[in-house]
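# Observations on the model geometry
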Amino acid sequence: MPQLKAINSTSLYSCSLWHSSVPPKRPQSSSGRFPPPPPLPRKKKKRMPPALRLLICSLAFLALAPQGLVKVEAFTGTYGINYGRIADNLPPPESVVTLLKAARIKNVRIYDADHSVLNAFKGSGLELVVDIPNGFLSDISVYEDHAMSWVKENVEAFLPDTPIKGIAVGNEVLGGDQELEEVLFGAIKNVYNALKILQLEDKIEISTPHTFGVLANSFPPSYGAFKEDVLVYMRPILEFFSQINSPFYINTYPVFAYQSDPEHIDIKYALFQPNHGVRDNKTGLHYDNLFDAMIDATYAALEAAGYPDMEVRVSETGWPSAGDEKEVGATVKNARTYNFNLRKRLLKKKGTPLRPKKVVKAYVFALFNEDSKPGPSSERHFGLFNADGSIAYNIGFTGLRPSSASSHRLSLKDLGRQSWSAPFSILLTLSVALILAFTI
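A brief look at the structure comes next. (Residues numbered from 1 in each chain as written. Predicted model: local features only at pLDDT ≥ 70, side-chain atom pairs only at ≥ 80, totals over all residues. Heavy atoms only, no water.)

### Observations concerning the sheet that holds strand β3 (residues 127–132)
Here is the rule: A pair of strands counts as paired when DSSP detects no fewer than two bridges linking them. Under the DSSP-based scheme used, a helix requires at least four consecutive residues in state H or I and a strand at least two consecutive residues in state E, with every element numbered from the N terminus. Note on geometry: axes are lines fitted to C-alpha atoms, helical ones only across the stretch in contact, with angles between N-to-C directions running from 0 to 180 degrees. Here a residue-residue contact requires only that any non-hydrogen atoms of the pair lie within 4.5 Å.
One open sheet holds the eight strands; their spatial order is β5-β4-β3-β2-β1-β12-β11-β8, and the pairing between them is parallel. The open sheet has two edge strands with one neighbour each: β5 (205–207) and β8 (248–251). Put simply, the sheet's adjacent strands are angled 25° from each other on average, direction ignored. With four bridges connecting them, strand β1 (residues 79–83) and strand β2 (residues 107–110) associate as parallel partners. What sits directly across from asparagine 82, in β2, is arginine 109. Along the sheet, helix α11 (residues 290–304) makes contact with β8, β11 (312–317) and β12 (362–364), crossing β11 at roughly 135°.

Structure, rendered in structure tokens:
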């Protein structure tokens, strides 16, 4: 939470057997006086175009292929949401599922493993990341059987009906309480070992989200580096994650960077609006938004620590729609602008200037305004939706009920469908390509 992630050759061959053979010749008469009548003309059957035969065979093969060939991914598409519940007025989890499906948001992270939520998500098709709260880490790091019990009771018991795709072990631990810092790695190892014993390690991703405060420096992006006192606990985690191919999750809030220095950071740079941008003289790369710059500072820190190939994912990002008097920029207008432009940027499925081939994936904070969160006023105003299920402001989503926000449907609603229709689009594109290849 915010604080100051072949086509079978036999099949193709069998399709070629659809053509009829040449009709057999009629036997000759033994009599010379009455020659046999000529055979009746037979209507020649039209040959099926080769491209069409290949297409039909391909579709049949794909329809009959076992689904197990598809690799399970921990994050589908690029856009996810954090479903926090520190509030006393939120809709029931069943209604939240309806809301998420209407908004076409498939990736969801919760900050615990509440069974009422896990039951509500059964059969929904929504993909969940569950959290092990910080209060459990000390116990789980010491007792392997406790880690096993937690995984069995909160993950295995709900599979496969509830598609749990990941476990976040703790939240923003490093850079905070030293006692928790010391036990984090042990907890991660014990949870992973439990998954391995249950043969779930290739189905459930393990991670731990970090605050952006673990970086000692982030400007310019190429100078990104972790704090030395954090690296003591960070290095074994990075080494372990590199072995099991887990990404590095970090909470990335341009709003906090802007609020810390509004005189020198252009708010347009923080909101993805047109601006002059920033040039990194060391790399020669140009940045037109603060979000990308913060991600690349994280990549630079990982490279400096010896892990240049590790993927960075954003576990939290967002912008508050209200705040205290000193919380500069916390307005509905800025929150709408940031979240609309962020969504547009993520749906482009592109990387950053430093890592252009690593597509950026992010969980937005947060689904709801949570009225019981402690701290400054902004903490209770990060939601895209109000507690009654209506939209807090319009970025193209539909709420559970009408809202005072503009009802104008933004074009991003259509763009959002791409993440759900990707498999069909790929198949359609392949089919068209095959037809063109065989007919041109």
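Okay, back to it.
### Some points on the pattern of salt bridges
Where we set the bar: In what follows, salt bridge is the name for a side-chain nitrogen of Lys or Arg lying within 4 Å of a carboxyl oxygen of Asp or Glu. For every residue, the accessible area obtained with a 1.4 Å probe (protein chains only) is divided by the maximum for its type, and the residue is called buried under 20%, exposed over 50%, and partly exposed between those limits.
Taken as a whole and judged by the stated rule, the model has 10 salt bridges. Arginine 85 is the salt-bridge partner of aspartate 112, the closest N and O atoms lying 2.8 Å from each other. Of the two residues, aspartate 112 sits in the loop between β2 and α4 (115–120) while arginine 85 sits in the loop between β1 and α3 (93–103), which places them 27 residues apart along the sequence. Taking relative accessible area as the criterion, aspartate 112 reaches 23% and is therefore assigned partly exposed. Residue arginine 85 is classed as partly exposed on the basis of its relative accessible area, which comes to 25%. The closest approach of N and O atoms between arginine 85 and aspartate 114, which form a salt bridge, is 3.9 Å. Taken together, the positions of arginine 85 in the loop between β1 and α3 and aspartate 114 in the loop between β2 and α4 put the pair 29 residues apart, joining distant regions of the chain. Among the ionic contacts, a cluster of salt bridges with common partners joins Arg85, Asp112 and Asp114.

### Some points on the nonpolar core
Our working rule: Among buried residues, those of type Ala, Val, Leu, Ile, Met, Phe, Trp, Tyr and Cys that are joined through side-chain atoms within 4.5 Å constitute a nonpolar core.
Phe121, Ile167, Val169 and Phe226 are the most contacted members of the largest nonpolar core, which totals 105 residues. Ignoring any residue separated from it by four or fewer positions in sequence, one finds phenylalanine 121 in contact with Tyr83, Val97, Leu100, Val108, Leu126, Leu128, Asp161, Thr162 and Pro163. By size, the runner-up hydrophobic cluster in this structure holds five residues, among which are Phe75, Val129, Ala168 and Tyr249.

### Here we look at helix α12 (residues 332–347)
Applicable threshold: Expected helix span is computed as 1.5 Å times (number of residues minus one).
A rise of 1.5 Å per residue sets the reference length of α12, with its 16 residues, at 22 Å; its end C-alpha atoms lie 22 Å apart and thus fit the reference within 8%. The buried fraction of α12 is high, at 12 of 16 residues. The set of residues buried in α12 consists of Asn334, Ala335, Thr337, Tyr338, Asn339, Phe340, Asn341, Leu342, Arg343, Arg345, Leu346 and Leu347. Within two residues after α12, lysine 349 carries a phi angle of roughly 55°, on the positive side.

### So, the packing of aromatic side chains
Counted only if it meets this: What counts as a ring pair is set by centres within 6.5 Å for rings of Phe, Tyr and Trp (its six-membered ring), and what kind of pair is set by the plane angle: stacked under 30 degrees, edge-to-face over 60, tilted for all other angles. Two conditions define a charge located above a ring, namely a distance within 6 Å from the ring centre to NZ of Lys or CZ of Arg, and an angle within 35 degrees of the ring normal.
As enumerated under the stated definition, the model contains 17 aromatic pairs in all. Between phenylalanine 226 and phenylalanine 248, the ring centres sit 5.7 Å apart and the planes meet at 50°, which makes this aromatic pair tilted. On the criterion of sequence distance, the pair formed by phenylalanine 226 in strand β7 (residues 225–226) and phenylalanine 248 in strand β8 is long-range, its members being 22 residues apart. Ring geometry for tyrosine 253 versus phenylalanine 382: centroids 5.8 Å apart, planes at 80°, classification edge-to-face. Of this pair, tyrosine 253 sits in the loop between β8 and α9 (254–260) while phenylalanine 382 sits in the loop between β12 and α13 (412–416), and the two are 129 residues apart along the sequence. Judged by its relative accessible area of 2%, phenylalanine 382 falls in the buried class. Ring-pair connections join several aromatic residues into one group, and the members of that group are Tyr111, Tyr253, Phe256, Phe365 and Phe382. We note arginine 343 situated over the ring of tyrosine 79; from NZ or CZ to the ring centre the distance is 5.9 Å.

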